[in-house]
Amino acid sequence: MTLSRRVLTWLLIANCLLLDAGCDQRNSSPPLQEKNTSKTRSVETSSISSPQFHQMAQQLGMDHVYRNGEESNRYAYVESLGGGLATLDFDRDGWFDLFFPGGGSIPNDTALQPLPGTLWRNENGVRFLNVSEVSLVNKLGVYSHGAASGDLDNDGFPELLITGHGGLQLFWNQGDGTWIECAAEVGLTDQSWSTSAAFADLNNDGFSDLYITHYVDWRITNNPPCTSASNDRDICPPARFPGLPDLIYMSNQDRSFRRCDQNLGLAPDGKGLGVIAANLDDDKNIDLYVANDTTNNFLYRNTGMSNLQEIGLQSGTALDERGLANGSMGLAILDYDADLKPDVWVTNYENETFALYKNDGDLQFRCVTTSTGITAIGNLYVGFGTCAADFDHDGDEDIVVANGHVMRHPVSNSVDQYPLFIENNGSKRLVRKQFHADNYFSKKWRGRGVAPFDFDHDGDLDLAFSHVNQPAEILQNESLEKGNWWIFQLCGTVSNRDAIGARLIASTSKRKLMRTIIGGGSYLTQAPYLVHFALPSEETIERLEIRWPNDTVSTILSPVRNQYSLLVEPQSLPR
Amino acid sequence: MVSKKADRNQRKQQQAAREKPSLRRVWWLLILMVVLLTAFLSTGGIVGFCNTMASNAISKRDLPTAKGWLRRATHLSSDNSLSLFLQGRVARIEGNFEEMSGLLRKAFHKGFDNKRLALEQDLALATTGRLDFEMEARFNSSLEKQVEVAEILESYANGLATISRFKESMVLLEQWEVIDPANATPNYRRGRIHEHLNQYDKAEAEYRKAIGKDKNFVKARYALAKLLLQNRQPEQAKQLLDQCKPGGHDLAVKALIANCLRTMGDIDACRNILNDLVEQGYEGMLESYRLVDEVPERYIAASDLGCIETEIGSFDEAKKHLELALKYHPLDTVARYSYAVALRNLGERDEAEKNFEITRRARDELNQVRVLQEAIEANPEDTDARIEIGKIILRNESERTGVFWIESVFSYDPTNQKAHAALAEYFDSKSDKQENYLKLAEYHRTFLRGAP
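The shown structure was predicted, so the numbers you read here are calculated from the model rather than taken from an experiment.

Trainee: Explain the overall build of chain A residue by residue, including any values.
Mentor: A count of helices and strands for chain A gives five helices and 41 strands. With the C-alpha coordinates aligned to their principal axes, the bounding extent of chain A is approximately 65 × 55 × 50 Å. Within chain A, the fraction of its 575 residues that count as buried is 59%. A separation of at least 24 residues holds for 63% of the contacts in chain A among residues at least 6 apart in sequence.

Written as structure tokens, this is what we have:
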């Protein structure tokens, strides 16, 4: 298929024309995009080269800076977390837009001052337009950290949740390009220090619920002086403050929520920074994994009817391979060894290696950090946001990590750190890829959030990074050889609209590949609810099996390649 | 022609005369040999020679060589007081204080210099941190008189470091280096202190200085390799270890090489080494670690091998090795957790659950340590926090570190009742294993109120 034919159209699957189920087709066909002819030639070749990324934020007109207020020199603990980002198609034009929380300032010893977030409309992949003011998402709320989005009322338009110190902000998408902040009105009255959030339908009622991680009990009025190993005043360690229990809001299915964490058996003693919602055991219930800072990570087995059982230790995912709790921050799900079981990837603090937990089935995991070569990457990084996807179009998932220190005077380390591109070599080994000296990955940043998204609709995954006190960045994936690719957007009709928890298995003549749609993930960051497959040009998907969140299964033979496809959940399918 | 022949004969005769030793010269040589032999025998003879060689080897801390010479000396004369004293010194350096005590007693009965014996006992006490004001005065007096300077500086510096008087310890080590600039040990010791204080750059520099002075100084090589490995420089660490000359330390060095390979992701090579080490047995490993100043509280080879087998899914093998590791060191949390994972994957759910529970309990308790440490950072004299940390670590992670924390109380309050009670209880619990523990328990009980 030539690239001229690989125009970005939305394919509606024949039996999914279910407008009455809420899958509105308006705006389902993104505009055509001009393709670079040199790319067209390269697609014809079969060899797959490693990806090259180019910094594009400035060229695209996107200039957001997350501010943490450290210039006040109060060394407030809140400074250390930084901010994430959200990739969302808020106007349903098919092009994924960007939202960045603003952070805050610390003008005195008694209060934190919030800064507004910014929303950037993706205009056909050629520029990002700041629409914060006209969309009304710049309403001041809390000293902000994270952003999460999901379709909470199944109308096709994603809502936007902002987490931070002292409360939540929920911006309800009006469908006309504007938003209304309504956290208190819909019952999201949490006042604690919230960090990451995951949308997921925990009780299978077809509506997304909300898991929110809480960090520690710190306040600006209780900001003790701490020193680093070099005896400089610095950010306190997490052990200095007690952890806060996480919380869950269940959807009332009427644009309101009820707090349910007390009834669901949440563990009381985490210091949550990251959360991911994914179906890890192939049943019909979506499970939750929580990254905690210096305390055991949690794995909640969802036993149905939203009963959660914390099995982190028994599952082998609470601790690292030495049996130690890590300072965990970022999360991703991938199938690194192509055994069709979702594995868990965790970024950790310095002097700890990142952790990869191999899924042995039935929620039993093994930490395989050493045997996969991850220890060889080193432990000097303070890892935050992360994502797993096939960036080099060889069929397996690679990993990207945003790094940056939380301390201002780290000993034997730097505040700005190299981001990592970790290439899956297809033989169960993960290897750090080196880039040219002028590449983004060869420079040090104070990284926090990262999300993959195809901002230019060319079929390969680009990246959005957030930093602390540095401009956010968009990296354009300039892989010359793309092979074949598929991007599927799922539309739940019985299941939740975003199909969070769905699992897709693609069969080719050579292998099977598995991808899942996850809630949450990365760090303080929302990635698109899309599924991306890529293969060398001689290989194609012959059969695609979709296991929807409500456990029904649908199958597509030879899905059309090199285009976006919208897959709508049939309303009656065998379980 | 004739004259030429005559010349040749004359030259031959002269050469023969030169080659023929004069009788007088032979006699002189014989007398000299008798004198030397007499002197040799009068100064202790072969035994004395062996002792001198042993003493030199001890100074260089080449204990295997020293032991060899002392074995020869004892073979020739089993009751030589100097040999007994030197054996006691070796035992002290190796930390075998019970053995040292017996040997010094024997030396005393053979009439060895009482002052030197007393000094040796002081050195032993100092090494373990049991310094008191009078002992320190004695040391300072000996240093002024230039008596046993190197031995005193080393033990005194070690003792000060043991009770966290690092600055004073560093001063002594600097003095030692000034006195004996070619000696690599002061640099090595300074490196250890810097490392303990998390001053890794300085530690690395000192280790490198030590290796610069003595490229065969295995302790420094080992310590530097460990540091580099910790800083994720496994290739450099391995390179250092590969250059260690063979010796009794081989097993410890190989175990660290295995760790480097593991970090580098070369699991197969790592497994091969660890399998070899496990076959060598536990006791050999212990001895080897002692030679690099390590007292591991894990059966590292079995524990690491078990963890790797768990990671790669060879659960039967993992179970075998981890059971061995836990047999020797039940508090090995790394092995315990991996054991639980292996059992779970083998379907032994109940046993797995028990081990997960032990891990959970240990982690829960150990999580409190950081909070207590912060209390100590705020107030170093918070003896209750020190004792609590010690007890938690004793129960869950490390007997040695636990005892260290409790003993640290004595720097601030030498008669602290709670600390002595905690140590008495701990040593009592160990008394079925060695009589020494019972003595230690009794010693600590003497500090308790109402004790007889």
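Trainee: Tell me what's going on with the overall build of chain B, and back it up with residues and numbers.
Mentor: Check the secondary structure of chain B and you find 25 helices and zero strands. At 29 Å, chain B has a C-alpha radius of gyration far larger than the 22 Å of a compact globule built from 452 residues. Principal-axis analysis of the C-alpha atoms places the extent of chain B at approximately 110 × 60 × 40 Å. Taking all contacts inside chain B whose residues are at least 6 apart in sequence as the whole, residues at least 24 apart take part in 48%.

Trainee: Could you give me a rundown of the interface of chain B and chain A, with the residues and numbers involved?
Mentor: Each partner contributes to the interface: chain B provides 31 residues, whereas chain A provides 27 residues. Looking at the side of chain B that touches chain A, the elements with two or more residues in it are α12 (200–213), α15 (250–263), α18 (300–312), α20 (333–345) and α21 (349–378) of chain B. Counted by class, the side of chain B that touches chain A contains eleven nonpolar, ten polar and ten charged residues.

Trainee: Lay out the environment of E174(B) in plain terms, naming residues and giving numbers.
Mentor: Checked against the element boundaries, E174(B) lands in helix α10 (residues 166–179). As a C-alpha pair, E174(B) and P186(B) span twelve residues in sequence and 7.2 Å in three-dimensional space.

Trainee: For the nonpolar core, give the residues involved together with the corresponding values.
Mentor: Core analysis: the biggest nonpolar cluster contains 219 residues, and F99(A), L160(A), A198(A), Y211(A), A277(A), A464(A) and A301(B) have the highest contact counts within it. In contact with L160(A), other than residues within four places in its own chain, are A86(A), L88(A), F99(A), V137(A), A147(A), S149(A), F171(A) and W179(A). Ranked by size, the runner-up nonpolar core spans 36 residues in total, among them C50(B), L63(B), A91(B) and A107(B).

Trainee: I'd like a description of the sheet that holds strand β14 (residues 209–214) of chain A, backed by residues and values.
Mentor: All names here are of chain A. Here four strands make up an open sheet; going across it, the order is β13-β14-β17-β18 and the pairing antiparallel. Of all the strands in the sheet, the pair left with one neighbour each is β13 (194–200) and β18 (257–259). Within the sheet, the average angular offset between the axes of one strand and its neighbour, ignoring direction, is 25 degrees. Where β13 and β14 come together, five bridges link them in antiparallel fashion. Pairing of S194 across the sheet is with H214, part of β14.

Trainee: Requested: an account of the packing of helix α22 (residues 383–396) of chain B against helix α24 (residues 417–430) of chain B, with residues and values cited.
Mentor: Residue and element names in this part refer to chain B. It is at 10 Å that the axes of α22 and α24 come closest, and there the two elements cross at 15 degrees. If you check the angle between α22 and α24, you find them roughly parallel. In this structure, α22 crosses over α24, and the sense of that crossing is left-handed. Between α22, through T383, I387, G390, K391 and L394, and α24, the contact on the second element is made entirely by K418, A419, A422 and Y426. Of the residues in the contact of α22 with α24, the class split is five nonpolar, two polar and two charged.

Trainee: Would you mind going over the environment of Y249(A) in detail, with residue names and values included?
Mentor: Structurally, Y249(A) can be placed in strand β17 (residues 247–251). Not counting residues up to four positions away in its chain, the partners in contact with Y249(A) are G187(A), L188(A), D209(A), L210(A), F257(A), R258(A) and R259(A).

Trainee: An account of unusual backbone geometry is needed here, citing residue identities and associated values.
Mentor: All names here are of chain A. Residues other than glycine seldom take positive phi values, yet R92 does so here, at roughly 55 degrees. Mapped onto the elements of the fold, R92 is located in the loop between β3 (86–88) and β4 (97–100). Unlike most non-glycine residues, D362 shows phi in positive territory, near 55 degrees. In this fold, D362 is placed in the loop between β25 (355–359) and β26 (365–367).

Trainee: Describe the sheet that holds strand β21 (residues 298–302) of chain A, listing the residues and the values that go with them.
Mentor: In a beta sheet, neighbouring strands are held together by backbone hydrogen bonds and run either parallel or antiparallel to one another. Residues and elements named next belong to chain A. Taken in spatial order, the five strands of this open sheet run β22-β21-β20-β19-β37, and their pairing is antiparallel. Each end of this open sheet is capped by a strand with a single partner; those strands are β22 (308–310) and β37 (519–520). The sheet contact formed by strand β20 (residues 287–292) and β21 spans three bridges and is antiparallel. Bridge pairing in β21 places L288 opposite Y300.

Trainee: Please set out the pairing of strand β27 (residues 383–389) of chain A residue by residue, giving values where relevant.
Mentor: Residue and element names in this part refer to chain A. Burial of β27 is extensive: seven of the seven residues sit out of reach of the surface. Pairing of β27 with strand β28 (residues 398–403), which is carried by five bridges, proceeds in the antiparallel orientation. Each residue of the ladder has a partner; that of A389, found in β28, is D398.

Trainee: Pulling in residues and values, what's your account of the environment of P471(A)?
Mentor: All names here are of chain A. Relative to the helices and strands, P471 resides in the loop between β32 (462–467) and β33 (473–477). Classification of P471 by C-beta neighbours within 10 Å gives partly exposed; the count is 16. Distance in space between the C-alpha atoms of P471 and R67 is 9.7 Å, their sequence separation being 404 residues. The contacts of P471, once residues within four sequence positions are left out, are A57, D63, H64 and V65.

Trainee: How would you explain the pairing of β17(A) if you had to name every residue and give the values?
Mentor: Residue and element names in this part refer to chain A. Burial of β17 is extensive: five of the five residues sit out of reach of the surface. Here β17 shows two buried faces, one formed by L247, Y249 and S251 and the other by I248 and M250. Looking at chain direction, β14 and β17 are connected through three bridges and run antiparallel. Across the sheet, Y211 pairs through a bridge with I248, a residue of β17. Here three bridges tie β17 to β18, and the two strands are oriented antiparallel to one another. From the neighbouring strand, Y249 faces β18, where its bridge partner is R259. Linking two consecutive strands that pair antiparallel, namely β17 and β18, is a turn of five residues; a positive phi of about 65 degrees is found at Q253 within it.

Trainee: A description of the confidence of the model for chain A should follow, citing residues and the corresponding values.
Mentor: Overall, the prediction assigns chain A a mean pLDDT of 89, with 90% of residues at 70 or greater. In the model, residues 1–48 of chain A has pLDDT below 50 throughout and makes 90 contacts with residues more than four positions away in sequence or in other chains.

Trainee: Would you mind going over the packing of helix α9 (residues 149–162) of chain B against α10(B) in detail, with residue names and values included?
Mentor: All names here are of chain B. It is the contact of α9 with α10, at a shortest axis distance of 8 Å, that shows an interaxial angle of 160 degrees. As far as their axial angle goes, α10 and α9 are roughly antiparallel. Taken as a pair, α9 and α10 cross one another with a handedness that is left-handed. Packed against α9, whose contacting residues are V149, A150, L153, Y156, A157, L160 and A161, the element α10 presents F166, E168, S169, L172, L173, Q175, W176 and I179 at the interface. The residue makeup of the contact of α9 with α10, split by class, is twelve nonpolar, two polar and one charged.

What counts, and at which threshold
Residues numbered from 1 in each chain as written. Chains lettered and ligands numbered in written order. Predicted model: local features only at pLDDT ≥ 70, side-chain atom pairs only at ≥ 80, totals over all residues. Helix = DSSP H or I, 4+ residues; strand = E, 2+ residues; numbered from the N terminus. Buried ≥ 20, exposed ≤ 12 C-beta atoms within 10 Å, placed from the backbone. Contact = placed C-beta atoms within 7 Å. Rg over C-alpha atoms; globule rule 2.2 N^0.38 Å. Nonpolar A, V, L, I, M, F, W, Y, C, P; charged D, E, K, R; others polar. Core = buried A, V, L, I, M, F, W, Y, C linked by C-beta atoms within 7 Å. Pairing = 2+ DSSP bridges. Axes fitted to C-alpha atoms, helices over the stretch in contact; angles between N-to-C directions. Parallel < 35°, antiparallel > 145°, perpendicular 65-115°, else oblique. Left-handed = near helix turned anticlockwise from the far one by under 90°. pLDDT = per-residue confidence, 0-100.

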